[in-house]
Amino acid sequence: MSPKQIVFALALGIALAAGTFVAIRSQAPVAPVSALVLPAPNPVPEFSLLDQQGEMVDQSVFEGQWDLVFFGFTHCPDICPTTLQVLATAKSALVEDGRESLPRIVLVSVDPERDTPEILGQYIDYFGVGNLGLTGTLEEIRKLTDGLGIFFEKQDGDGENYVVDHSAAVLVIDPDGGFHSLFSGPHIVDNYVHDLPILMGGR
Amino acid sequence: MRIATIVLATLLAACGAPEPPLVVSELEVTKPMPGRHMSAGFFVVRNNTPEDIRITAVDSPQFASVEIHETTVTEGISRMREIGAIEIPANGSTVLERGGKHLMLMRPKALGDSVTLQFYSGDTPVLSVDYTFPKDD
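Read on for an overview of the structure. Only a predicted model underlies this, so the values are computations on that prediction, with no experimental measurement involved. (Residues numbered from 1 in each chain as written. Chains lettered and ligands numbered in written order. Predicted model: local features only at pLDDT ≥ 70, side-chain atom pairs only at ≥ 80, totals over all residues. Heavy atoms only, no water.)

## Some points on the sheet that holds strand β1 (residues 36-43) of chain A
Residue and element names in this part refer to chain A. Spatial ordering of the open sheet is given by β1-β10-β9-β4-β5-β6, a layout of 6 strands whose pairing is mixed. A single partner strand is all that each edge strand has here, and the edge strands are β1 and β6 (132-134). Across the sheet, the axes of successive neighbouring strands diverge by a mean angle of 25°, strand direction being ignored. Strand direction decides the pairing type here: strand β5 (residues 104-109) and β6, joined by 3 bridges, are parallel. Of the residues in β6, the one forming a bridge with Leu107 is Gly133. (Pairing = 2+ DSSP bridges. Helix = DSSP H or I, 4+ residues; strand = E, 2+ residues; numbered from the N terminus. Axes fitted to C-alpha atoms, helices over the stretch in contact; angles between N-to-C directions.)

Spelled out as structure tokens, the structure:
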């Protein structure tokens, strides 16, 4: 091989390597398509609620894993199960993609009158194992929702036949217990599958 | 097969076979969640007549009560309300879907493999449809 051929081969090699690098970089996910990331995580406010086993938990329950937190109620036949199913389906898709680190799904009841820990447990177990349900007194739920900017309001109804208006957002809590980002909806599986690895890998 | 269907449909149309005034498609009834006593119904309803049709009530032998509801999400807040009727425009369709208009089916009574829905316009029964739950559901 002549010196010219060596230089040419080297140049070709470098060009190929650079091209591959650019191609990989351009395919890499860079920004969420749906989630809004807060400039800095906000610590979850202090609260004291019951999990689905009836155990008292506080804000530290959000530490140690990523959480997808939805605020709803088990008498809601439409948007609550639909949203939770989107989250469960997105988690399954992430498993199929080979991801080992998965977020936990959390349902905070905005209807503690009807949502006992037992009822909440039956409900969230339907959407997979390892999910967390939180309920308790209205006052303690308000501490959590007010601190996170979540709205809910019980509407007038006939006895037990009432509905609760509530924020439709899904909040992402980081493993330090900080409110990290949110999906405001509409909730679409592909958006979660795209964004969650970016959110969870971005720190 | 497709051509045969089209030919048959054309022949029937040529013979003046009457189109049903209301046709329901894409029907789905959810099963009650564990520990819950309610289901939701979603479908597309087509009005083949030149007049608007209002479905004002729905009942089902499998549920104690059926209501027509609509979920709206405005400025990030989800609200669900009972609405008086499903309006289907003349020669048009209305969609009942997740996050929108839907049937709320409450307090199941000996729920088996299928659900029958009876639609009324005022006191007049206008359509009856059956839904069978998928085997793997």
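Picking up after the structure, the text goes on.
## Details of the nonpolar core
Counting 60 residues, the largest nonpolar core has Phe62, Phe71, Leu134, Leu144 and Leu171 of chain A as the members making the most contacts within it. The greatest single-element share of this core, amounting to 8 residues, is contributed by helix α2 (residues 79-96) of chain A. Of all hydrophobic cores here, the second largest spans 24 residues; its members include Val24, Phe63, Ile68 and Ile86 of chain B. (Core = buried A, V, L, I, M, F, W, Y, C linked by side-chain atoms within 4.5 Å. Buried < 20%, exposed > 50% of the residue type's maximum accessible area, 1.4 Å probe, protein only.)

## Details of the pattern of salt bridges
Tallied over the entire structure, the rule returns 9 salt bridges over all chains. A salt bridge links Asp67 of chain A to Arg104 of chain A; its shortest N-O distance comes to 2.7 Å. Taken as a pair, Asp67 of chain A in strand β4 (residues 67-72) and Arg104 of chain A in strand β5 lie far apart in primary sequence, 37 residues in all. Both residues of the pair, Asp67 of chain A and Arg104 of chain A, belong to the buried class. Glu70 of chain B serves as the salt-bridge partner of Lys101 of chain B, at 3.8 Å between the closest nitrogen and oxygen. Of this pair, Lys101 of chain B sits in strand β9 (residues 101-108) while Glu70 of chain B is found in strand β5 (residues 63-74), placing the two residues 31 residues apart along the sequence. Judged by relative accessible area, Glu70 of chain B falls into the partly exposed class, the value being 25%. Linked through salt bridges whose partners overlap, the residues forming this network are Asp165 of chain A together with Arg79 and Arg81 of chain B. (Salt bridge = Lys/Arg side-chain N within 4 Å of Asp/Glu carboxyl O.)

## With respect to the environment of Val37 of chain A
Looking at the secondary structure, you find Val37 of chain A in strand β1. Each residue touching Val37 of chain A, except ones within four places of it in the same chain, is listed here: Pro32, His180, Ser181 and Leu199 of chain A. (Contact = heavy atoms within 4.5 Å.)

## Notes on the environment of Glu55 of chain A
Residues and elements named next belong to chain A. Residue placement: Glu55 occurs in the loop between β2 (48-50) and β3 (56-58). In this structure, the C-alpha to C-alpha distance between Glu55 and Val44, residues 11 residues apart in sequence, is 19 Å. Apart from residues no more than four positions distant in its own chain, Glu55 is found in contact with Leu49 and Leu50.

## What about the interface of chain A and chain B?
Accessible area lost upon the coming together of the parts serves often as the stated size of an interface. Facing the 22 residues of chain A at the interface are 23 residues of chain B. One can count 2 salt bridges joining chain A with chain B. The salt bridge partner of Arg79 of chain B is Asp165 of chain A, with a shortest N-O separation of 3.5 Å. Of all the elements in the fold, those that place two or more residues in the side of chain A that touches chain B are α2, α3 (117-125) and β8 (164-167) of chain A. At 4 residues, β8 of chain A tops the list of elements feeding residues into the side of chain A that touches chain B. Looking at the side of chain A that touches chain B, its residues break down into 12 nonpolar, 8 polar and 2 charged. Here 2 bridges tie β8 of chain A to strand β6 (residues 77-82) of chain B, and the two strands are oriented antiparallel to one another. By the bridge assignment, His166 of chain A is partnered in β6 of chain B with Ser78 of chain B. (Nonpolar A, V, L, I, M, F, W, Y, C, P; charged D, E, K, R; others polar.)

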